[in-house]
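Overview (structure and organization)
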Amino acid sequence: MERTGFSLSRPGHLALLLVLGASGCGGALRTSPTLTVPKAQGPDKGRSSETLLEDRQLDIDAQGRATTTRRYVYVVHKKAALRWASMVSTSFAPWREARPQIRAVVTTKEGKRHVLDPKTLTEQPYRQRHATILDDRRVLKGPLPGIAVGARVDITVVNRETKPLTPHGGLH
């Protein structure tokens, strides 16, 4: 499978929403952050990048609408990683989700910070994998500024539902 950008999908979101929403009340679920401290002798020479932090939070309001916040922090070690690490993207369904918020900061190995300008993000149709499946999903994506080997990338994506997945915010 070709990796063309840093894509933040929503695996498991449906199952968590149904479990938490089934009670008819709001709730929140936060996964524990995974923090990897780099080894004293430096990065693993075989890896093109190294994940330092992955944090996910799912909040469900009283109406059953979910807000999903994801944060990823990684370091680019090899030029090969720039192929996928140079872009950030997330998908959404406009009929039930607001346009996602994407924040990103790239810090070069020299310490210079580059902040993603939201004006550089573009919206386009979601690429269909099967011609027989019709979908109105959209993709919001853009280039990460200042990306280079040795850069530390910090990305936060917030997806907010405007309508709950089910009519009553849960299964009844």
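Residues numbered from 1 in each chain as written. Predicted model: local features only at pLDDT ≥ 70, side-chain atom pairs only at ≥ 80, totals over all residues. Heavy atoms only, no water.

**Focus: the confidence of the model for the protein**
Close inspection of predicted coordinates is inappropriate in any region flagged by low pLDDT. Summarising the model, the protein shows a mean pLDDT of 78, and 69% of its residues fall at 70 or more. Below a pLDDT of 50 lies the segment residues 1-25, which in the model reaches 61 contacts outside its immediate sequence neighbourhood of four places, other chains included. The model gives residues 31-41 a pLDDT under 50, and that stretch makes 15 contacts with residues more than four places away or in other chains. (pLDDT = per-residue confidence, 0-100. Contact = heavy atoms within 4.5 Å.)

**A closer look at the pairing of strand S4 (residues 49-60)**
Of the strand pairs in this sheet, S4 and strand S5 (residues 66-76) are connected by 11 bridges, and their pairing is antiparallel. Bridge pairing links glutamine 57 to threonine 69 in S5. As consecutive antiparallel partners, S4 and S5 are separated by 5 residues, and within that stretch glycine 64 has a phi angle of approximately 85°, a positive value. (Pairing = 2+ DSSP bridges. Helix = DSSP H or I, 4+ residues; strand = E, 2+ residues; numbered from the N terminus.)

**Comments concerning the pairing of strand S10 (residues 138-143)**
The pairing of strand S6 (residues 87-92) with S10 spans 6 bridges and is antiparallel. Bridging from a neighbouring strand, threonine 90 pairs with leucine 140 of S10.

**Some remarks on the environment of aspartate 154**
Mapped onto the elements, aspartate 154 comes out in strand S11 (residues 152-160). On the basis of relative accessibility, which here comes to 16%, the residue aspartate 154 falls in the buried class. For the pair aspartate 154 and valine 106, spaced 48 residues apart in sequence, the C-alpha separation works out to 6.4 Å. Setting aside chain neighbours within four positions, we find aspartate 154 in contact with Arg71, Tyr72, Val73, Arg103, Ala104 and Val105. Side-chain polar atoms of aspartate 154 contact the side chain of arginine 71, separated by 2.6 Å. (Buried < 20%, exposed > 50% of the residue type's maximum accessible area, 1.4 Å probe, protein only. Polar contact = N/O pair within 3.5 Å; in protein donor to acceptor, adjacent residues only side chain to side chain.)

**Looking at the pattern of salt bridges**
Oppositely charged side chains are able to pair whenever their charged atoms sit close together. The full count for this structure, using the stated rule, is 7 salt bridges. Residue glutamate 54 is joined to arginine 56 by a salt bridge in which the shortest nitrogen-to-oxygen separation is 2.4 Å. When its relative accessible area of 28% is taken as the criterion, glutamate 54 is described as partly exposed. Note that arginine 99 is salt-bridged to glutamate 123, the shortest N-O span being 3.0 Å. One end of the pair, arginine 99, is in the loop between S6 and strand S7 (101-107); the other, glutamate 123, is in strand S9 (residues 122-125), and 24 residues separate them in sequence. Judged by relative accessible area, which is 45%, arginine 99 ranks as partly exposed. (Salt bridge = Lys/Arg side-chain N within 4 Å of Asp/Glu carboxyl O.)

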